[in-house]
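An overview of the molecular structure
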Amino acid sequence: MTNDPTDAATAEDKSAEQTEDSLLGQLQGDLERFRDLALRSQADFENFRKRAAREKEDAVKYSNAGFLERLLPILDNFDMGLAAARNDRNSAILAGFEMVAKQFQDFLAETGVQSVEAEGQKFDPNLHEALAQEASDKVPEGHVIRQMRKGYKLKDRLLRPANVIVSKGKQ
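Residues numbered from 1 in each chain as written. Predicted model: local features only at pLDDT ≥ 70, side-chain atom pairs only at ≥ 80, totals over all residues. Heavy atoms only, no water.

Some words on the sheet that holds strand 6 (residues 162–167)
Taken in spatial order, the three strands line up as 2-6-3 in an open sheet, and their pairing is mixed. In the strand order of this sheet, the two ends are held by strand 2 (128–134) and strand 3 (144–149), each with one partner. The mean inter-strand angle of the sheet, taken between neighbouring strand axes irrespective of direction, is 30 degrees. With four bridges connecting them, strand 3 and strand 6 associate as antiparallel partners. Across the sheet, Arg149 pairs through a bridge with Asn163, a residue of strand 6. (Pairing = 2+ DSSP bridges. Helix = DSSP H or I, 4+ residues; strand = E, 2+ residues; numbered from the N terminus. Axes fitted to C-alpha atoms, helices over the stretch in contact; angles between N-to-C directions.)

Below you can see the structure in the form of structure tokens.
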């Protein structure tokens, strides 16, 4: 056996090359992993930013919802008073009620509140709350016969469903 210094140097060179290749491969793997992590973090942050902006916009858009929900029963009572004034036919009281009713309707429209139309419409559980079913020869099955209490929406969000009586068709 000969100990040739060139064989030892060649072996060391090969070993050093393998170590460098191994280290280079490991570094490239780490680089890819960190690049992927940076891209994911950037995408997560962008999603968070968009979600926060959307939540802020919704908070501003629907900030009056609680106040308006508390106002609706007062409006219901007012509507009952207006109906009574129309039946009484006292023109001064009726004129006053109608002026205030117009102001209420204008106020609600300005704040983005709309009443939910129910009578004659197809029953929609997203907008209507069924109180009962009645047989009807005039109104098709699954449609609203009568509205017992108005429903309201604030922009595209339901504040209160309309209470309705639904037709179950002919007897």
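Okay, back to it.
Overview of the confidence of the model for the protein chain
Looking at the protein chain as a whole, the pLDDT averages 86, with 94% of positions reaching at least 70. When pLDDT is averaged over each element of the protein chain, strand 6 comes out on top at 94 and helix 1 (residues 5–61) at the bottom at 84. (pLDDT = per-residue confidence, 0-100.)

With respect to the packing of aromatic side chains
One pass over the structure, following the stated rule, counts two aromatic pairs. Ring geometry for Phe78 against Phe97: centres 5.1 Å apart, planes inclined by 35 degrees, an arrangement best described as tilted. Here Phe97 lies in helix 3 (residues 91–110) and Phe78 lies in helix 2 (residues 65–88), a separation of 19 residues in the sequence. Looking at Phe78, the relative accessible area reads 15%, which means it is buried. In this structure Phe97 comes out as partly exposed when scored by relative accessible area, which is 23%. Among the aromatic residues, those joined into a ring-pair cluster are Phe78, Phe97 and Phe104. Looking at Arg33, its charged tip hangs above the ring of Phe34, at a distance of 5.6 Å from the centre. (Phe/Tyr/Trp six-rings, centres within 6.5 Å; stacked < 30°, edge-to-face > 60°. Buried < 20%, exposed > 50% of the residue type's maximum accessible area, 1.4 Å probe, protein only. Lys NZ or Arg CZ within 6 Å of the ring centre and 35° of its normal.)

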